[in-house]
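Here are the chains, one letter per residue:
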Amino acid sequence: MRHDLLNDAISKLKNYEHSGKKECKLAPTSKLLVDILHVFQKEGYIGEFEVSENSVGGEIRVKLIGKINDCGMIKPRFASKHDELQKWEKRFLPSRDFGILVVSTSKGLKSHIQVKDAGEGGRLLAYIY
């Protein structure tokens, strides 16, 4: 029984990466999961991914490139101003300038680095390093 679609998908991604697999199938999908995967891809943690629709909720095939050490969802989704992001970096990331936090802003999902540069705030969703 699934309770949290995003957490299940991110955990599966991490487990497949640690077991040495080259591809991971995530099902069912959501728009938020696809947006989080776009941020992971843009930052260089995963390779290409393909979204396919079917009658059961869709499926995403993600190519793994061996760069994920750890990743997870942040619960609850803490609100953060741009000047508070350093506090959350210390809490969720192992060291400075290593890994990213995924932040939901009014302009879409971004990494915490982009949010700090733009001087925005938002809600913390996930981390990866």
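The preceding data block contains the structure.
Values in this document were obtained by computation on a predicted structure and should not be read as measured data. (Residues numbered from 1 in each chain as written. Predicted model: local features only at pLDDT ≥ 70, side-chain atom pairs only at ≥ 80, totals over all residues. Heavy atoms only, no water.)

Colleague: Any chance you could explain unusual backbone geometry here in plain terms?
Modeller: Leave glycine aside and you will find that most residues have negative phi; peptide bonds, for their part, are mostly trans. Along the chain, Ala 27 connects to Pro 28 via a cis peptide bond; the corresponding omega equals -10 degrees. By the element assignment, Pro 28 lies in the loop between β1 (23-26) and α2 (31-42). A cis amide bond links Lys 75 with the next residue in sequence, Pro 76, at an omega value of -10 degrees. Residue placement: Pro 76 occurs in the loop between β4 (71-73) and β5 (79-80). (Helix = DSSP H or I, 4+ residues; strand = E, 2+ residues; numbered from the N terminus.)

Colleague: Teacher, can you tell me more about the sheet that holds strand β3 (residues 59-64) here?
Modeller: Sheet strands line up and pair through hydrogen bonds in the backbone, either parallel or antiparallel. With respect to topology, three strands assemble into an open sheet ordered β1-β3-β2, the strand pairing being antiparallel. If you trace the sheet from one side to the other, it starts and ends with β1 and β2 (46-52), each paired once. Geometrically, the sheet is characterised by an average inter-axis angle of 20 degrees between neighbouring strands, direction not taken into account. Sheet analysis places β2 next to β3, joined by five bridges and oriented antiparallel. Looking at β3, one finds that Phe 49 is bridged to Val 62. Relative to the sheet, helix α1 (residues 5-18) contacts β1, β2 and β3, its axis offset from that of β1 by approximately 160 degrees. Strand contacts of α2: β1, β2 and β3, with the helix running at about 155 degrees to β2, the strand carrying the most contacts. (Pairing = 2+ DSSP bridges. Axes fitted to C-alpha atoms, helices over the stretch in contact; angles between N-to-C directions. Contact = heavy atoms within 4.5 Å.)

Colleague: Looking at this model, I keep getting lost on the state of the cysteines. Mind explaining?
Modeller: By definition, a disulfide links the sulfur atoms of two cysteine residues through a covalent bond. Across all of its chains, the model carries zero disulfides by this definition. Sulfur of Cys 24: no disulfide; nearest cysteine sulfur belongs to Cys 71 and is 9.8 Å away. With a relative accessible area of 0%, Cys 24 lands in the buried category. (Disulfide = S-S within 2.5 Å. Buried < 20%, exposed > 50% of the residue type's maximum accessible area, 1.4 Å probe, protein only.)

Colleague: When you look at the pattern of salt bridges in this model, what are you seeing that I'm missing?
Modeller: Think of it this way: side chains of opposite charge can pair up when their charged atoms draw near. The full count for this structure, using the stated rule, is seven salt bridges. Note that Glu 120 is salt-bridged to Lys 107, the shortest N-O span being 3.4 Å. Taken together, the positions of Glu 120 in the loop between α4 (112-118) and β8 (122-128) and Lys 107 in the loop between β6 (100-105) and β7 (108-111) put the pair 13 residues apart, joining distant regions of the chain. Glu 120 serves as the salt-bridge partner of Lys 110, at 3.1 Å between the closest nitrogen and oxygen. Taken together, the residues Lys 110 in strand β7 and Glu 120 in the loop between α4 and β8 connect sequence positions ten residues apart. What you see here is one network of salt bridges that share partners, running through Glu 23, Glu 59 and Arg 61. (Salt bridge = Lys/Arg side-chain N within 4 Å of Asp/Glu carboxyl O.)

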